[in-house]
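Survey of secondary and tertiary structure
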Amino acid sequence: MAAAWDEGGRAGNLLQLLGVDAFGLASMITQAALTARRNRDACLQLAEHVRVVEGLLRRLQMLPRLRRHPETRRPLEQLDDALRRAYLLVRSCGEEQTARSYIYQLFTGAQTAAKLRAAKEEIDRYIRLIPMINLVATVRVEVQRFCLLEQLQATLHTLLFFI
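An unreviewed UniProt entry annotates the chain as MCAfunc domain-containing protein of Eragrostis curvula.

Take unusual backbone geometry next. Positive phi values are uncommon outside glycine, yet Asn39 reaches one of about 50 degrees. Tracing the backbone shows Asn39 in the loop between helix H2 (22-34) and helix H3 (40-59).

Here we take up the environment of Arg37. Along the chain, Arg37 turns up in the loop between H2 and H3. C-alpha of Arg37 to C-alpha of Ser92: the two residues are 55 residues apart in sequence and 9.2 Å apart in space.

For the rest of this paragraph, the subject is the side chain of Arg140. Tracing the backbone shows Arg140 in helix H7 (residues 130-162). Here Arg140 is in contact with His69, Glu71 and Thr72, once residues within four sequence places are set aside.

A few words on a nonpolar patch on the surface. On the surface, Tyr102, Ile103 and Leu106 cluster together into a nonpolar patch covering about 390 Å² of accessible area. For Tyr102, the position within the fold is in helix H6 (residues 102-127).

In this structure the tally under the stated criterion is seven salt bridges. Linking Arg140 and Glu71 is a salt bridge whose minimum nitrogen-to-oxygen distance equals 2.0 Å. Here Arg140 is found in helix H7, whereas its partner Glu71 is found in helix H5 (residues 70-92), with 69 residues between them in sequence. For Glu71, a relative accessible area of 46% puts it in the partly exposed group.

Before going further, it helps to spend a moment on H2. Taking 1.5 Å of rise per residue, the 13 residues of H2 would be expected to cover 18 Å, and the 19 Å separating its terminal C-alpha atoms lies within 8% of that figure. Those residues of H2 that sit buried are Ala22, Leu25, Ala26, Ile29, Thr30, Ala32 and Ala33. For H2, the arc enclosing every buried residue in end-on projection is 165 degrees, short of the 170-degree limit, so these residues lie on one face.

What follows is about the nonpolar core. Ile29, Leu46, Leu83, Val90 and Ile123 are the most contacted members of the largest nonpolar core, which totals 29 residues. Of all elements in the fold, only H2, H3, H5 and H6 reach the threshold of two or more residues within this core. Of the residues forming this core, the biggest block, eight residues, is contributed by H5. Not counting the four nearest positions on each side in its chain, Leu83 is found in contact with Ala22, Leu25, Ile29, Val50 and Ile123.

Further remarks concern the side chain of Glu122. Inspection of the secondary structure assignment puts Glu122 in helix H6. In terms of polar contacts, Glu122 uses its side chain to reach the side chain of Arg85, at 2.3 Å. Residues in contact with Glu122, not counting those within four places in the same chain, are Ala82 and Arg85.

Rules and cut-offs
Residues numbered from 1 in each chain as written. Predicted model: local features only at pLDDT ≥ 70, side-chain atom pairs only at ≥ 80, totals over all residues. Heavy atoms only, no water. Helix = DSSP H or I, 4+ residues; strand = E, 2+ residues; numbered from the N terminus. Contact = heavy atoms within 4.5 Å. Patch = residues over 30% accessible without salt bridge, like charges linked within 9 Å, V, L, I, M, F, W, Y side chains within 5 Å. Areas by Shrake-Rupley, 256 points an atom, 1.4 Å probe, with all protein chains shown as cover. Salt bridge = Lys/Arg side-chain N within 4 Å of Asp/Glu carboxyl O. Buried < 20%, exposed > 50% of the residue type's maximum accessible area, 1.4 Å probe, protein only. Expected span 1.5 Å × (residues − 1). Arc of directions from axis to C-beta. Core = buried A, V, L, I, M, F, W, Y, C linked by side-chain atoms within 4.5 Å. Polar contact = N/O pair within 3.5 Å; in protein donor to acceptor, adjacent residues only side chain to side chain.

As structure tokens, this is what we get:
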């Protein structure tokens, strides 16, 4: 029964995080890392990495524009999901370990450290896609400009024909 409540609590926490953007999640990860009791160093390293990622994302001021189109929105949503999972993982490092043996805590600590490294790698995979996402968005804008320019030229040509 306790395990089912724990999973339900985690699912509820994940649902609460669905409206939080990457910037809010980065701040939440940093705060959770500061309160970590287990794997504190690994949590702080992940939080520092996420702060660097947040700084890079803030430099991309076109993020709202990128989220309008499915092909560029999907990888950014996956990055948000990876940040949500990272937050839940870092937050779990601050939760109380009740009546667990030292050997069990060592074993789960090693597993959690591996999960923290995997979370960092997952975030990095999506960050590496940002140049391609930006290229797709740039090409889309250039194609729209080219089409608009052709329409203007056709209209101008028609107007000059009647003059």
